[in-house]
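Structure assessment
Spelled out from the first residue to the last, the chains are:
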Amino acid sequence: MKYAVECRNISKNFGRTTALSDINIKLEKDKIYGLLGRNGAGKSTLLNIVTAQVFPSSGEVKIFGETPYENDRALRHLCIVKESGMFLKDVNVGDALDIASSFYDNWDNNLAERLLREFELDRRKTYKNLSLGMRSQLGIIVGLASRAPITIFDEPYIGLDAAGRQLFYDALIEDYMEKPRTIILSTHLIDEVSNLLEDVIILHKGTVKLEGNSEDIKNKAFYISGIKDSVESHVSGKKVLNKEEFGKTMAVAIFDSISEKERKAMEADDLIISSVPLQQLFIFLTGGKMIKRGDMNE
Amino acid sequence: MKIPLDENKLIYMQIAEVIEDAVISGELNEGDQVYSTNQFARLYGINPATAAKGINLLVEEGILYKKRGIGMFVAEGARNMIVGKRKTQFIEDYISKLIREAEKLNITKEELIDLIKTYERGDK
Amino acid sequence: MNRIKSHLKMHYINTKMSLIIFWSIMFAISVLGILIALYARSRGYNGTITISHMPAVVIFGAISGLVSYNETLPYMLNMGITRKNFILGYALYNTVLSLILSVIFTFLTLWESLLYNLLGFSNQQIGQIFTAFSIGEIFDRIWSCFIITLAVTAFFTLVGSIYYKKGIMYLFGIGALIMLVMFIPGVAAGVFRVLEYIILYLTGDKGYLTMTLFSLAFFLACYSIIYPLARTSQVKR
């Protein structure tokens, strides 16, 4: 099977600093991916490499099986929208959309017009006179209306308020249902987007920390709380992300699956089990704390 | 507007529960068509694949069945199946907990039964 | 091919505003020039009034080559165009722009010549202006302006592409190196002799074909350096 995006052993150095090291990921067709990482994790660098705008120091990228560098056919599958914006500063909104429409093969003008109205963006305004939020809106419109088989949004919401972002998320899911495609949403606002994502890739300090189906991941991360001794005996042998004690009670976050039998045993001992939200899991994984296997009694 | 979900629970399980609740309450009768994946996705602002996972869970359990090209429907006997499943769950979740808690408080089983019998719902 | 068409459309949209503003200013200057000439004549001045918009055209071409390369390369790469197609489109844009500039320039000069003639100035009083008003003369003007602008635009695109790829320090380095080489006895004199020869070649009565070939060769030479630079250029953000 051909993957929409495949990264094989991608590394990138800027001088002596390593931005990415040995990234191996495979993104399937028509899925929504979340590329999650803190600022400086290497998200933008990776996406620039995927779109052949930046060259990797080593490794290779495949877009539907083809190398994107200087490959018109592969590049036509891609649309990337960046936080920093990538528009001509003297061109107005209407003209920017006009230009975009001639570059993206699947461009949907009705969608662009509708979003323009929903965002209440003035098409006569020149890009340099737009506020940060308006620039983000323009980027979002281009990204969605491009309907490119692989659409990448790299933190596209700078300057947008919560309502504006919600409008984006709603439009994204709506149009995705109408025309499924591979969408990569690079973000650190995880709680806002976690429900939209089918798969997530957590990037941390230039490496892939975790990757997989978002529900499966959620099904492997639990809070277990109760009497300290009881908690400790039940989680021994499990990967522990974090633990906190208050007197005799203890709350532990584990990153491991719990079998039905284990769950019943825990419940019988009055332990409370709940899922760890993706945002919280992300913080545990990227907060610098090491994941230790078992050994709670250290 | 989106209906908020409990972020401490798996989304697809919540979707399955929503459908089960609708069948138990009679909102959905056997043979009725269930919301589509896309309708759930729109309603809750979730990925359609996640909604599909919830629906498929119920298909595997025989609570829903698929009519090709039309959609998902509530199977015959779905209500009984759900009630049966919920009863087992009820025993596990509530009865066992109730008994354990009662033991801690030195309430005998007889006293507990009496309590249940004489308990009047506060809201009525 | 479709990509290059879109590319040219982008340049058209990006450039049209500055073209309009630029030529409005040129037109205003030309009107001002006429008023000044009339005023000078009323005060009894009888010398030569030289009008030439040629330097302005060349400057416009130079700035455009320098600025728009740096602005449009990352924009186009972000739009998913190949570097090869970018350079093809850019060279085409350079050519079309030079031609458009030359046509406007020629018609501005033509308009001025007619007006000066109507106002009774003699051809001796005003230099750089139409004398015969023939189709041949118009073509002559357009073409000579075109090949010069084309060469200048290509050169400044080269400078722009070095700047994009290597940064400003590298350009300064090249500048310093040239200065250094100039200090070697005889080199400066030699370079100036070559330049003199080139200018004579261009302005002298050498015929279109030689001039055009000369400009084209220079254009291609510039692009043969620009192309590998662009192929290895990356987007900075």
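Residues numbered from 1 in each chain as written. Chains lettered and ligands numbered in written order. Predicted model: local features only at pLDDT ≥ 70, side-chain atom pairs only at ≥ 80, totals over all residues.

**A few points about the sheet that holds strand β9 (residues 207–213) of chain A**
Residue and element names in this part refer to chain A. Spatially, 6 strands are ordered β5-β6-β7-β3-β8-β9 in an open sheet, and the strand pairing comes out mixed. Sheet topology places β5 (78–82) and β9 at the edges, where each strand pairs with a single neighbour. The average angle at which neighbouring strand axes cross in this sheet is 15 degrees, direction not considered. The pairing of strand β6 (residues 150–154) with strand β7 (residues 182–187) spans 5 bridges and is parallel. Looking across to β7, one finds that Thr 151 is bridged to Ile 183. Of the strands in this sheet, β3 (32–37), β8 (199–204) and β9 are in contact with helix α11 (residues 278–286), which crosses β8 at around 30 degrees. (Pairing = 2+ DSSP bridges. Helix = DSSP H or I, 4+ residues; strand = E, 2+ residues; numbered from the N terminus. Axes fitted to C-alpha atoms, helices over the stretch in contact; angles between N-to-C directions. Contact = placed C-beta atoms within 7 Å.)

**Details of the sheet that holds strand β1 (residues 5–14) of chain A**
Residue and element names in this part refer to chain A. Spatial ordering of the open sheet is given by β2-β1-β4, a layout of 3 strands whose pairing is antiparallel. Taken across any chain shown, the strands that pair with only one partner, and hence form the sheet edges, are β2 (17–27) and β4 (58–63). The average angle at which neighbouring strand axes cross in this sheet is 20 degrees, direction not considered. Alignment of β1 against β2, held across 7 bridges, turns out to be antiparallel. Pairing of Val 5 across the sheet is with Leu 27, part of β2. Relative to β1, helix α1 (residues 43–50) is tilted by about 120 degrees, and along the sheet it contacts β1, β2 and β4.

**Re the confidence of the model for chain B**
Should pLDDT be low for a region, the predicted coordinates there are not to be read in detail. For chain B, per-residue confidence averages 88 on the pLDDT scale, and 95% of positions sit at 70 or higher. What the predictor reports for the complex is a pTM of 0.88 with an ipTM of 0.89. (pLDDT = per-residue confidence, 0-100.)

**Some details on the arrangement of the chains**
There are 2 pairs of chains in contact here, and the one with the most contacts is chains A and C. Here chain B and chain C are not in contact; the least distance found between their C-alpha atoms is 27 Å.

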